[in-house]
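What the coordinates show
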Amino acid sequence: MKIVIVGGTGLIGSKLVNQLREHKQEVVAASPKTGVNSLTGDGLADALKGAAVVVDVTNSPSWGDAAVLNFFETSTRNLLAYERTAGVRHHVALSVVGTERLLESGFFRAKLAQENLIKSSPIPYSIVRATQFFEFVKSIGDFSTEGNKVRLPPALIQPMAADDVASAVGRVAMGSPLNGTVEIGGPERFRLDQLIRLDLAARKDPREVITDPQGRYYGIQVAEKALIPGDDARLGERRFENWLSQTTQIPNPHLQPA
Ligand SMILES: NC(=O)c1ccc[n+]([C@@H]2O[C@H](COP(=O)([O-])OP(=O)(O)OC[C@H]3O[C@@H](n4cnc5c(N)ncnc54)[C@H](OP(=O)(O)O)[C@@H]3O)[C@@H](O)[C@H]2O)c1
């Protein structure tokens, strides 16, 4: 079974490519770096020839409202059109838990547009909505920083490791189309302010986190439960604090092999 990973050179895409190859699948990593562009259509027909499954884990290089909407709409339309011609039997896309609750942000309006295009296409599909990746937790704090203070609301958040995202997406890609949406998340819930405090402390970052109900998440207001998945979500195994201690470990030269 040939599986094309569009965005196969990105954070999730590259992990997905490796994991599927370990399962002996025929995998093609498609992205501008490998000569395939879902915005312009360049290289798509060749990449999709003989493919049974296409997984879309692309992201827009620019996050301005108009640019991101144009990216997800144009790229998704192109993918679905080329997939029809190639006879692809399953389109899988990675989206975000709570997208419809975060529409103050142009990024989430674009993700919703992507989901709606997929749902209205005749190609059987699965949409996987993931919670925030551990790898992006630091940037949440950075976005809400002014001077030495990070102002954040105590909203709930259930982040997950990119490795667990890739495993969950891989399982969906190897299964039958759901013609629906599945949610995935991490094993533990945190408060956003508490999570960023943990992250900064592990990085020995002196910034102070202020709990502020009016504080923003990537510039938008979030309700207490806006970011967390429902009770049916499939949960990853990796825990944030384990991941954090591995990520922030300062290499000790005395422990290096000679
Ligand atoms: N961040 C989160 O916490 C979070 C949570 C849930 C869901 N998601 C979703 O997860 C998805 C993947 O995120 P990520 O962090 O893995 O992305 P990423 O590391 O930024 O990778 C983006 C990928 O998209 C490719 N790409 C960019 N422009 C393209 C084009 N015109 N044609 C084809 N491919 C193109 C890039 O290719 P090149 O390497 O060649 O440039 C790269 O492979 C996104 O859709 C995001 O919405 C994110």
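Predicted model, so just to flag it, every value in this text is computed and none were measured. Throughout this description, residue numbers start from 1 for each chain and increase along the sequence as written. Owing to the predicted nature of the model, reporting of local features is limited to residues with pLDDT of at least 70; listing and counting of side-chain atom pairs is limited to 80 or more, with chain, interface and lining totals taken over all residues. For the side-chain quantities, the full set of heavy atoms in the structure was used; hydrogens and water were omitted.

Section: the site of the ligand
One heavy atom within 4 Å of a molecule or strand makes the whole residue count as near it. Contacts to the ligand come from 27 residues, most closely from T9, L11, S31, N37 and T58. Bound to the protein, the ligand loses 86% of the 940 Å² it would expose on its own. Secondary structure elements are defined from DSSP: runs of H or I of at least 4 residues count as helices, runs of E of at least 2 residues count as strands, and each element is numbered from the N terminus. Elements that contribute at least two residues to the shell around the ligand include exactly α1 (11–22), α3 (65–86), β4 (90–96) and α4 (106–119). Considering every element that reaches the shell around the ligand, the biggest residue donor is β4, with three residues. Values of accessible area rely on a 1.4 Å probe in the Shrake-Rupley scheme; residue burial ignores everything except the protein chains shown.

Examining the pattern of salt bridges
Every case where a carboxyl oxygen of Asp or Glu lies within 4 Å of a side-chain nitrogen of Lys or Arg is listed as a salt bridge. Using the criterion set out here, one finds 17 salt bridges in the structure. In this structure, the salt-bridge partner of K149 is E208, at a minimum N-O distance of 3.3 Å. Here K149 is found in strand β7 (residues 149–152), whereas its partner E208 is found in strand β11 (residues 208–211), with 59 residues between them in sequence. Judged by its relative accessible area of 39%, E208 falls in the partly exposed class. Among the salt bridges present, the one from R151 reaches D212, with a minimum N-O distance of 3.9 Å. Of this pair, R151 sits in strand β7 while D212 is found in the loop between β11 and β12 (234–235), placing the two residues 61 residues apart along the sequence. Overlapping salt bridges, with partners in common, bring together E100, R101, E115 and R129 in one network. Think of it in three bands: with a 1.4 Å probe and only protein chains considered, a residue is buried below 20% of the maximum accessible area for its type, exposed above 50%, and partly exposed in between.

Focus: the side chain of Q158
Mapped onto the elements of the fold, Q158 is located in the loop between β8 (156–157) and α6 (162–174). Using a relative accessible area of 5% as the deciding quantity, one classes Q158 as buried. Throughout this description, a polar contact denotes any pair of N or O atoms lying within 3.5 Å of each other; where both atoms belong to protein, one of them has to be capable of donating a hydrogen while the other can accept it, and for residues adjacent in sequence the pair is counted only when both atoms sit in side chains. Polar contacts involving the side chain of Q158 include one to the side chain of R189, which spans 2.9 Å. Should any heavy atoms of two residues lie within 4.5 Å, those residues are counted as being in contact. Not counting residues within four places of it along the chain, the set of residues in contact with Q158 comprises T131, G185, G186, E188, R189, I228, P229 and L235.

Some remarks on the sheet that holds β11
Two strands make a pair as long as DSSP finds a minimum of two bridges between them. The strand order β6-β7-β11 describes an open sheet built from three strands, whose pairing is mixed. Either end of the sheet is taken by a strand with one partner, and the two such strands are β6 (145–146) and β11. In this structure, β7 lies alongside β11, joined through four bridges in parallel fashion. From the neighbouring strand, R151 faces β11, where its bridge partner is I210. Lines fitted to C-alpha atoms define the axes here, with helix axes fitted over just the stretch in contact, and angles between the N-to-C directions of these axes take values from 0 to 180 degrees. In this fold helix α7 (residues 192–202) packs onto β7 and β11, with an angle of close to 175° to the strand it touches most, β11.

Considering the environment of I157
With respect to the helices and strands, the residue I157 is situated in strand β8. Sequence separation of I157 and L195 is 38 residues, and the distance between their C-alpha atoms is 8.3 Å.

Some points on the packing of α3 against α4
As a packed pair, α3 and α4 sit with axes 8 Å apart at the nearest point and diverge in direction by 15°. On the basis of their axis angle, the class for α3 and α4 is roughly parallel. The crossing of α3 and α4 is right-handed. Contact residues: D65, V68, L69, F72, E73, T76, R77 and L80 in α3; G106, F107, R109, A110, K111, A113, Q114, L117 and I118 in α4. Basically, the charged four are Asp, Glu, Lys and Arg, the nonpolar ten are Ala, Val, Leu, Ile, Met, Phe, Trp, Tyr, Cys and Pro, and anything else, Gly included, counts as polar. Within the contact of α3 with α4, the residues separate by chemical class into nine nonpolar, three polar and five charged. Reported orientations rely on four angle classes, namely roughly parallel under 35 degrees, roughly antiparallel over 145, roughly perpendicular from 65 to 115, and oblique for the rest. Throughout, a crossing is termed right-handed when the near helix is turned clockwise from the far one, and left-handed when it is turned anticlockwise from it by less than a right angle.

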